[in-house]
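Next come the chains, spelled out residue by residue.
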Amino acid sequence: MENKSVQILVALKHPGNVTKKVKEYPFLLGKTPRTFRELIEESVKSCILAYKARANGAKHPMPLTDEQLDGMREIGKFAFGVHYNENGTDEQKAIQTAIDAVTDGLVRVFKENEEITELDGEIKIAEGDVFTFVKLTMLSGRMW
């Protein structure tokens, strides 16, 4: 398999709205992963690149469109693209954190409807495959 970029689809639930269904969004990976570990690494790298692009765009913000304002109103959070964090991102630390989250069971990953569990197991990824990343949230509280 070549080390060329591949576009997959990531299934995301629309934040803040209970009635909306899960929707698939395109997600570009820098190279085609051969293992689950490489999928995690490439996903983190893509997210860091997107973060840096947003941070650079915040230096020269554009006016918000009506569509952007409606979307922010729907989720109940208004953001204006200001990045207050001046620190850079440590790519290797971010990758290790993501791998730890998967091995600790805090994040589960599915390709189509099949869970991927073996970190160094080989996976076949084709253009347009659908992946779902599920972050498990620990709930705590008391019964009154």
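As shown above, the structure is provided for reference.
Residues numbered from 1 in each chain as written. Predicted model: local features only at pLDDT ≥ 70, side-chain atom pairs only at ≥ 80, totals over all residues. Heavy atoms only, no water.

### As for the overall build of the protein
Just so we agree on the cut-off: In this text, helices come from DSSP runs of H or I with a minimum length of four residues, and strands from runs of E with a minimum of two, each type numbered from the N-terminal end. To sort residues, take the accessible area from a 1.4 Å probe on protein chains only and compare it with the maximum for the residue type: under 20% means buried, over 50% means exposed, and anything in between is partly exposed. A contact between two residues is defined here by any heavy atoms of the two lying within 4.5 Å.
When its secondary structure is counted, the protein shows three helices and five strands. Moving toward the C terminus, one meets the helices and strands of the protein in the order β-β-α-α-α-β-β-β. Within the protein, the fraction of its 144 residues that count as buried is 22%. Look at the contacts in the protein between residues 6 or more apart in sequence, and 59% of them connect residues 24 or more apart.

### Re the pairing of strand 5 (residues 130–135)
To keep it simple, the criterion reads: A pair of strands is treated as paired once DSSP finds two or more bridges between them.
Two elements, strand 1 (residues 6–13) and strand 5, share two bridges in a ladder whose sense is parallel. Within strand 5, the residue paired with Val-10 across the bridge is Phe-131. Relative to strand 5, strand 3 (residues 107–111) runs antiparallel, the two sharing five bridges. When the bridges of strand 5 are listed, Lys-111 appears paired with Phe-131.

### A short note on the pattern of salt bridges
Put simply, the rule reads: Whenever a carboxyl oxygen of Asp or Glu lies within 4 Å of a side-chain nitrogen of Lys or Arg, that contact is scored as a salt bridge.
Overall, the coordinates contain seven salt bridges when judged by the stated rule. The partner of Asp-70 in a salt bridge is Arg-73, and the shortest N-O contact between them spans 2.7 Å. Here Asp-70 pairs with Arg-73, and both are found in helix 2 (residues 66–75), just three residues apart, close to one helical turn. For Asp-70, a relative accessible area of 43% puts it in the partly exposed group. Of the charged contacts in the structure, one is a salt bridge between Lys-111 and Asp-129, with a shortest N-O distance of 3.5 Å.

### Section: the pairing of strand 3
Relative to strand 4 (residues 114–116), strand 3 runs antiparallel, the two being bridged by three bridges. Bridge pairing links Lys-111 to Glu-114 in strand 4. Linking two consecutive strands that pair antiparallel, namely strand 3 and strand 4, is a turn of two residues; a positive phi of about 55 degrees is found at Glu-112 within it.

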